[in-house]
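Structural characterization, general
For reference, the chains in residue letters:
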Amino acid sequence: QVQLVESGGGLVQAGGSLRLSCAASERAFSINTMGWYRQAPGKQRELVATITRSSSTNYADSVKGRFTISRDNAKSTVYLQMNSLEPEDTAVYFCVTGYWAISGFRPNYWGQGTQVTVSS
């Protein structure tokens with residue numbers, strides 16, 4: 001059974017930090033690339049970051065240098081450390097598992113989402 005459970009969202013002022021966590025089933029975590037999407041009102045969903053089994057990472061230009069994705073294999077958990085948060089980062093953040101195809105990243109399982117709100 002594939003299960004992804006996000007936590008760590010909340011309300012923070014601009015310039016602050018949050019760390020999101022995603023607890024995954026051990027099987028899904030072991031065989032798939034993990035990542036984070038976000039969905040903000042009135043905007044297209046955006047792939048924020050991914051991390052492969054070999055710990056290769058990719059970031060959206062909008063978060064590069066501010067966010068860091070990492071994984072803890074012993075805990076089957078992926079993290080998203082978010083620093084220097086801006087109001088534009090406000091969104092529901094979704095943990096996903098998937099794979100990289102020639103056309104881009106393809107998610108196949110989604111978590112329930114966690115709300116991140118950044119105030120000015």
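Residues numbered from 1 in each chain as written. Predicted model: local features only at pLDDT ≥ 70, side-chain atom pairs only at ≥ 80, totals over all residues. Heavy atoms only, no water.

1. What to know about the nonpolar core
Nonpolar side chains tend to gather and get buried jointly when the protein is soluble and globular. Applicable threshold: Nonpolar core, defined: a set of buried Ala, Val, Leu, Ile, Met, Phe, Trp, Tyr and Cys residues in which side-chain atoms within 4.5 Å join the residues together. Think of it in three bands: with a 1.4 Å probe and only protein chains considered, a residue is buried below 20% of the maximum accessible area for its type, exposed above 50%, and partly exposed in between. Starting at the N terminus, helices and strands are each numbered in turn, a helix being any DSSP run of H or I of at least four residues and a strand any DSSP run of E of at least two.
Counting residues in each nonpolar core, the largest one holds 26 residues, and the members touching the most others are M34, W36, L80, M82 and Y93. Mapped onto this core, the elements with two or more residues apiece are β3 (18–24), β4 (33–39), β5 (46–51), β7 (67–72), β8 (77–82), β9 (91–101) and β11 (114–119). The biggest single contributor to this core is β3, with four residues.

2. Section: the packing of aromatic side chains
Stated precisely, the cut-off is as follows: Any two of the Phe, Tyr and Trp rings considered here, Trp counted by its six-membered ring, make a pair once their centres fall within 6.5 Å; the pair's planes then place it as stacked at under 30 degrees, edge-to-face at over 60, or tilted in between. Only lysine NZ and arginine CZ atoms are considered, and such an atom sits over a ring when it is within 6 Å of the ring centre and within 35 degrees of the ring normal.
All told, the structure shown has four aromatic pairs when counted by the stated rule. Ring geometry for F94 versus W110: centroids 5.8 Å apart, planes at 75 degrees, classification edge-to-face. Pair noted here: F94 is in strand β9 and W110 is in strand β10 (residues 104–110), with a separation of 16 residues, a long-range link. Sitting over the ring of F29, R71 keeps its end group 4.2 Å from the ring centre.

3. Here we look at the state of the cysteines
Just so we agree on the cut-off: Criterion for a disulfide: a pair of cysteine sulfur atoms at a distance within 2.5 Å.
This structure, assessed with the given rule, holds one disulfide. Sulfur-sulfur distance for the disulfide between C22 and C95 comes to 2.0 Å. Taking the torsion about the S-S bond as the criterion, the C22 to C95 disulfide, at about -80 degrees, is left-handed. Residue C22 is found in strand β3, and its partner C95 is found in strand β9; the two are separated by 73 residues along the sequence. In this pair, the class of C22 matches that of C95, namely buried.

4. Thoughts on the sheet that holds strand β1 (residues 4–7)
Operational definition: The rule for pairing is simple: two strands pair if DSSP sees at least two bridges between them. Only the contacting stretch of a helix is used when fitting its axis, a line to C-alpha atoms as for every element, and angles between N-to-C directions run 0 to 180 degrees.
Across the sheet, which stays open at both edges, the four strands sit in the order β1-β3-β8-β7 with antiparallel pairing between neighbours. Edge positions in the sheet fall to β1 and β7, since each has one partner strand and no second. With direction set aside, neighbouring strand axes in the sheet form an average angle of 15 degrees. For β3 and β8, the ladder comprises six bridges, and the chain directions are antiparallel. Note on β8: the bridge partner recorded for A23 is T77.

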